[in-house]
Amino acid sequence: MLQGLRLDPANLGELANALAAEGLPVADLAEPGRIFFRFDDGTLAGYGGLEGTGADRLLRSLVVPFGRRYAGVGSSLLAALEKEAVALGVARLHLLTTTAAPFFRAHGYVDAPRAAAPATIAASAEFTALCPASAAYLIKTLENR
């Protein structure tokens, strides 16, 4: 069974190493307004995070270790992260991706123009500096589970 552990903001080294290995942004991990989780199911299943406050938040840095991919682990991590978001009162998750758009689309995320992003999302470091303009912008409305 997948267990999520909220990471201490002062101890994100393991997360930073995993993200850097995948070419994902790490420069702003310790900034306020970010929550990251380590997911385990007996061994490390991956990491994921949320950024922001309120009903609209960014899904940040979902990463599955290479040897665990293509076995449904990413889908389980995404479901667990969405459940955490719902518990925090999140209504919509937003994300930018350069490589994983098909994965997220298969899980109910839909493409949207970047200009349609709420101001709080559009002002994030992900939108303004960390992700290229070519990154796909996707949104999902969450259901209260």
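Nonpolar side chains in soluble globular proteins tend to be buried together. Formed by 23 residues in total, the largest nonpolar core has its most connected members in Leu59, Leu62, Leu77, Leu81, Leu93, Phe104 and Tyr109. Looking at this core, the elements with two or more residues in it are strand S2 (34-40), strand S3 (44-51), strand S4 (56-63), helix H2 (73-87), strand S5 (92-97), helix H3 (101-105) and strand S7 (136-141). For this core, the element with the highest residue contribution is H2, accounting for 6 residues. Those residues in contact with Phe104, other than ones at most four positions away along the chain, are Leu59, Leu62, Leu78, Leu95 and Tyr109. In terms of nonpolar packing, the next biggest core, distinct from the first, is built from 10 residues, Leu96, Ala117, Cys131 and Ile139 among them.

The next subject is the environment of Phe36. Relative to the helices and strands, Phe36 is located in strand S2. Residue classification places Phe36 among the buried positions, given a relative accessible area of 2%. Counting along the chain gives 72 residues from Phe36 to Gly108, while the straight-line C-alpha distance between them is 22 Å. With sequence-adjacent residues up to four places away left out, Phe36 is seen in contact with Leu5, Arg6, Leu7, Leu12, Leu15, Leu29, Gly48, Gly49 and Arg60.

A word on the pattern of salt bridges. On inspection of all chains with the given rule, the structure shows 12 salt bridges. Residue Arg69 pairs with Glu22 through a salt bridge whose shortest N-O separation is 2.8 Å. Highlighted residues: Arg69 in the loop between S4 and H2 and Glu22 in the loop between helix H1 (13-21) and S2, separated in sequence by 47 residues. For Arg69, a relative accessible area of 26% puts it in the partly exposed group. Where Lys140 meets Glu82, a salt bridge forms, and the shortest distance between an N and an O atom there is 3.2 Å. Placement of Lys140 in strand S7 and of Glu82 in helix H2 is noted, with a sequence separation of 58 residues between them. In this structure, Lys140 and Glu82 share a single accessibility class: buried. Taken together, the shared-partner salt bridges in this structure form one network comprising Asp28, Arg34, Glu51, Arg60 and Glu126.

Thresholds, definitions, all that
Residues numbered from 1 in each chain as written. Predicted model: local features only at pLDDT ≥ 70, side-chain atom pairs only at ≥ 80, totals over all residues. Heavy atoms only, no water. Core = buried A, V, L, I, M, F, W, Y, C linked by side-chain atoms within 4.5 Å. Buried < 20%, exposed > 50% of the residue type's maximum accessible area, 1.4 Å probe, protein only. Helix = DSSP H or I, 4+ residues; strand = E, 2+ residues; numbered from the N terminus. Contact = heavy atoms within 4.5 Å. Salt bridge = Lys/Arg side-chain N within 4 Å of Asp/Glu carboxyl O.

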